[in-house]
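Coordinate analysis (summary)
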Amino acid sequence: LSSSMLWASLVGQLTFGILADRFGRKALYVTTVALIAAGSLLSSLYFPGMGIGPFVWVPLFRAVMGIGIGGEYPLSASVASESVGPKTA
């Protein structure tokens, strides 16, 4: 379970770092937060009898959460630095 999130985090870092330069950091920052929330919620909503096993469902949505977390790493620092005004002496 943890490894699916960690590998997806690597994919998210590479993907969102490139996409943020093209489409804007703040919009993709919101997207990463949505991916983290959706992955967390959907990984917790498994119940028996769904027709798909827990060893497919949970790692799949943990990977979605990992992509969001990976995108959060590079974007959070850049969005925070852009939001702070210039230093006045």
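First, a word on scope: everything that follows refers to the structure included in this document.

Thresholds, definitions, all that
Residues numbered from 1 in each chain as written. Predicted model: local features only at pLDDT ≥ 70, side-chain atom pairs only at ≥ 80, totals over all residues. Heavy atoms only, no water. Helix = DSSP H or I, 4+ residues; strand = E, 2+ residues; numbered from the N terminus. Rg over C-alpha atoms; globule rule 2.2 N^0.38 Å. Buried < 20%, exposed > 50% of the residue type's maximum accessible area, 1.4 Å probe, protein only. Contact = heavy atoms within 4.5 Å. Salt bridge = Lys/Arg side-chain N within 4 Å of Asp/Glu carboxyl O. Expected span 1.5 Å × (residues − 1). Axes fitted to C-alpha atoms, helices over the stretch in contact; angles between N-to-C directions. Parallel < 35°, antiparallel > 145°, perpendicular 65-115°, else oblique. Left-handed = near helix turned anticlockwise from the far one by under 90°.

**Some points on the overall build of the protein chain**
When its secondary structure is counted, the protein chain shows 3 helices and 0 strands. Tracing the protein chain from N to C terminus, the helices and strands come up as α-α-α. Computed over its C-alpha atoms, the radius of gyration of the protein chain comes to 16 Å, more than 25% above the 12 Å expected for a compact globule of 89 residues. Here the protein chain holds 89 residues, and 25% of them are scored as buried. Counted over contacts in the protein chain with a minimum sequence separation of 6, partners at least 24 positions apart contribute 74%.

**So, the pattern of salt bridges**
Counted under the stated rule, the structure contains 2 salt bridges. Between R25 and D21 there is a salt bridge whose closest N-O contact spans 3.2 Å. Between R25 and E82 there is a salt bridge, with the nearest N and O atoms lying 3.0 Å from each other. Of the two residues, R25 sits in helix 2 (residues 25-44) while E82 sits in helix 3 (residues 54-83), which places them 57 residues apart along the sequence. Judged by its relative accessible area of 42%, E82 falls in the partly exposed class. Residues joined in a network through salt bridges with shared partners are D21, R25 and E82.

**Concerning the side chain of S43**
Following the sequence through the fold, S43 ends up in helix 2. Sequence-distant contacts of S43, that is, excluding residues within four places in its chain, are made with W57, V58, F61 and R62.

**Notes on helix 1 (residues 2-23)**
Since there are 3.6 residues in each turn of an α-helix, residues three or four apart along the chain are aligned in direction. With 22 residues, helix 1 should reach 32 Å at 1.5 Å per residue; the first-to-last C-alpha distance of 30 Å fits that figure. On the buried face of helix 1, the contacting elements are helix 2 and helix 3. Phi turns positive one or two residues past the end of helix 1, at G24, with a value near 105 degrees.

**A short note on the packing of helix 1 against helix 3**
Contact pair helix 1 / helix 3: the axes reach a minimum separation of 6 Å and the direction vectors enclose 45 degrees. In terms of axis orientation, helix 1 runs oblique to helix 3. Of the two elements, helix 1 crosses helix 3, and the hand of that crossing is right-handed. Here helix 1 contributes S4, M5, A8, S9, G12, Q13, F16 and A20 to the contact with helix 3, which in turn contributes P59, R62, A63, M65, G66, I67, I69, G70, G71, Y73, P74 and L75.

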